Amino acid sequence: MKSILKTCTALTMVATFTGQVVAQEMLQSLGAGEGEVSIVAWAGYIERGETDPNYDWVTKFEADTGCKVSVKTANTSDEMVALMNEGGFDLVTASGDASLRLIAGKRVQPINTALIPSWSTIDERLQNAAWHTVDGTHYGTPYVWGANVLMYNTEVFGDKPPTSWNVVFEEQALPDGKSNKGRVQAYDGPIYVADAALYLMTHKPELGITDPYALNEDQYKAALDLLRVQRTLVGRYWHDAFIQMDDFKNEGVVASSSWPFMVNVLKAEGAKVASTFPEEGITGWADTTMLHVDSPHPTCAYKWMEHSLSPKVQGDVSAWFGTVPSVPAACKGNELLTDEGCATNGYENFDKIRFWRTPTAKCEQGECVPYYRWVSDYVGVIGGR
């Protein structure tokens, strides 16, 4: 909840975002490298071999460019927006529920794709994606994408793995005969309202929800009511990947929404966990490396964006985090990812994922509940209101 409270006052700017953004001047040429680049990133996105020596896509970049990489880990999209609003950073690996906010708030600058030689290698499904492209102007470089999976304890579920998100939304006895109460988690971020809405699309079709990020007042109220029921079951709201992993290992947590990163790390440590795509569908994220409007090291930042698109980096990141590369060439010939890795991580599921997107007041059905309401109301849900 602390991460939500920290950013609540900074989010009202997105209440009525309509996409009318005036493009600023983009960088026209690169100069000499400035010697450093600072990146706001999700945990596990920028590795230099400290966690596992096999996963290091920073050391060679620093040696080749002379640009020293520093990383500030952010646990939620709201925290990323707050950090970019504060300034002092060059890049951010923004998900779709943050990218349009950063564009609307003029916190990021347009990208000159001519200065990124590998741009043409990006998956065509992502090159002009709506979460980083406004009126034909690109505001970032696609990084990797993936799904919010259901992680579960294989000893608890045995030969009856969960097939529905109901194990985290509704009180019930699990296959080990014990209640799920106090043994499940939910994500500590307002965008999680969309997960509740996605669940209701299957279980309460009479609500007429067609887009979990575009909810009218009645649909939104139903999602909040479901989240209030879930509040009675949740042992902890997670936003720190490593704390969630510890909770699965040591605190009796047996089911939660999660990222493939945590599933992969826990499996590597021998933990009894697995993950699944429940029958109601999944939300997910397609992340974009975006350049701060006042970047102090723009040449090094552009060099990093180019580096991030190399098949080697794309494959290594995807192997480490359980994501899918934005560069299809990375799907073959990467020792860590293997030639089966893209299929395993969901390459063919792109059209099935409801990618994170900032909710706005104007939507296809007319009036929808804007994101600033999601923020304040989710704080209330977590607080028991």
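Predicted model only: the values in this text are computed from it and were never measured.

As a further point, take unusual backbone geometry. The backbone phi angle of Lys-106 is positive, close to 55 degrees, even though this residue is not glycine. Inspection of the secondary structure puts Lys-106 in the loop between helix H4 (96-104) and helix H5 (124-127). Despite not being glycine, Thr-338 shows a phi value in the positive range, around 70 degrees. When you line up the elements, Thr-338 lands in the loop between strand E13 (324-325) and helix H14 (341-344).

What the rule picks out here adds up to 3 disulfides. The disulfide partner of Cys-331 is Cys-342, and the S-S distance across this bridge is 2.0 Å. Residues Cys-331 and Cys-342 are joined through a disulfide that is left-handed, its torsion about the S-S bond being -90 degrees. Pair noted here: Cys-331 is in the loop between E13 and H14 and Cys-342 is in helix H14, with a separation of 11 residues, a long-range link.

Aromatic rings considered in pairs are described by the distance between their centres and by the relative angle of their planes. Evaluated as defined, the whole model comprises 26 aromatic pairs. Taking 4.9 Å as the distance between ring centres and 70 degrees as the angle between the ring planes, the aromatic pair formed by Tyr-45 and Phe-321 counts as edge-to-face. Taken together, the residues Tyr-45 in the loop between strand E1 (36-42) and helix H2 (59-65) and Phe-321 in helix H13 (residues 311-321) connect sequence positions 276 residues apart. In terms of burial, Tyr-45 and Phe-321 fall into one category: buried.

This brings us to the pattern of salt bridges. Pairing between side chains of opposite charge can happen when their charged atoms approach one another. Following the criterion strictly, the structure yields 15 salt bridges and no others. Put simply, Glu-62 and Lys-68 hold a salt bridge, and the shortest N to O gap is 3.9 Å. With its nearest N and O atoms 3.8 Å apart, the salt bridge here joins Arg-373 to Asp-377. Note that Arg-373 and Asp-377 are positioned in helix H15 (residues 371-382) at a spacing of 4 residues, about one turn of the helix. A relative accessible area of 24% means that Arg-373 is categorised as partly exposed. Within this structure, Arg-48, Glu-62 and Lys-68 form a network of salt bridges that share partners.

At a closest axis distance of 9 Å, the pairing of helix H3 (residues 77-86) and H4 adopts a crossing angle of 25 degrees. Judged on the interaxial angle alone, H4 and H3 are roughly parallel. Taken as a pair, H3 and H4 cross one another with a handedness that is right-handed. Across from Ser-77, Asp-78, Val-81 and Met-84 in H3, the residues of H4 making contact are Asp-97, Ala-98, Arg-101 and Leu-102.

Okay, the pairing of strand E6 (residues 141-147) next. The buried count for E6 comes to 7 of 7 residues, which makes it a mostly enclosed element. Bridging between E6 and E13 involves 2 bridges; their strand directions are antiparallel. Residue Trp-145 lies in a different strand from E13, and its bridge partner there is Val-324.

Attention shifts here to the confidence of the model for the protein chain. Here the protein chain averages 92 in pLDDT, and 94% of its residues register 70 or above. Counting interchain partners and residues more than four positions distant, the pLDDT-below-50 stretch residues 1-23 has 54 contacts.

This paragraph deals with the sheet that holds strand E10 (residues 255-258). One open sheet holds the 5 strands; their spatial order is E9-E8-E10-E7-E11, and the pairing between them is mixed. Of all strands in the sheet, those bounded by a partner on one side alone are strand E9 (234-238) and strand E11 (273-276). Each neighbouring strand pair of the sheet contributes to a mean axis angle of 30 degrees, computed without reference to strand direction. Inspection of the sheet shows strand E7 (residues 149-153) paired to E10 by 4 bridges, in the antiparallel sense.

Each value, and the rule that gives it
Residues numbered from 1 in each chain as written. Predicted model: local features only at pLDDT ≥ 70, side-chain atom pairs only at ≥ 80, totals over all residues. Heavy atoms only, no water. Helix = DSSP H or I, 4+ residues; strand = E, 2+ residues; numbered from the N terminus. Disulfide = S-S within 2.5 Å. Phe/Tyr/Trp six-rings, centres within 6.5 Å; stacked < 30°, edge-to-face > 60°. Buried < 20%, exposed > 50% of the residue type's maximum accessible area, 1.4 Å probe, protein only. Salt bridge = Lys/Arg side-chain N within 4 Å of Asp/Glu carboxyl O. Axes fitted to C-alpha atoms, helices over the stretch in contact; angles between N-to-C directions. Parallel < 35°, antiparallel > 145°, perpendicular 65-115°, else oblique. Left-handed = near helix turned anticlockwise from the far one by under 90°. Contact = heavy atoms within 4.5 Å. Pairing = 2+ DSSP bridges. pLDDT = per-residue confidence, 0-100.

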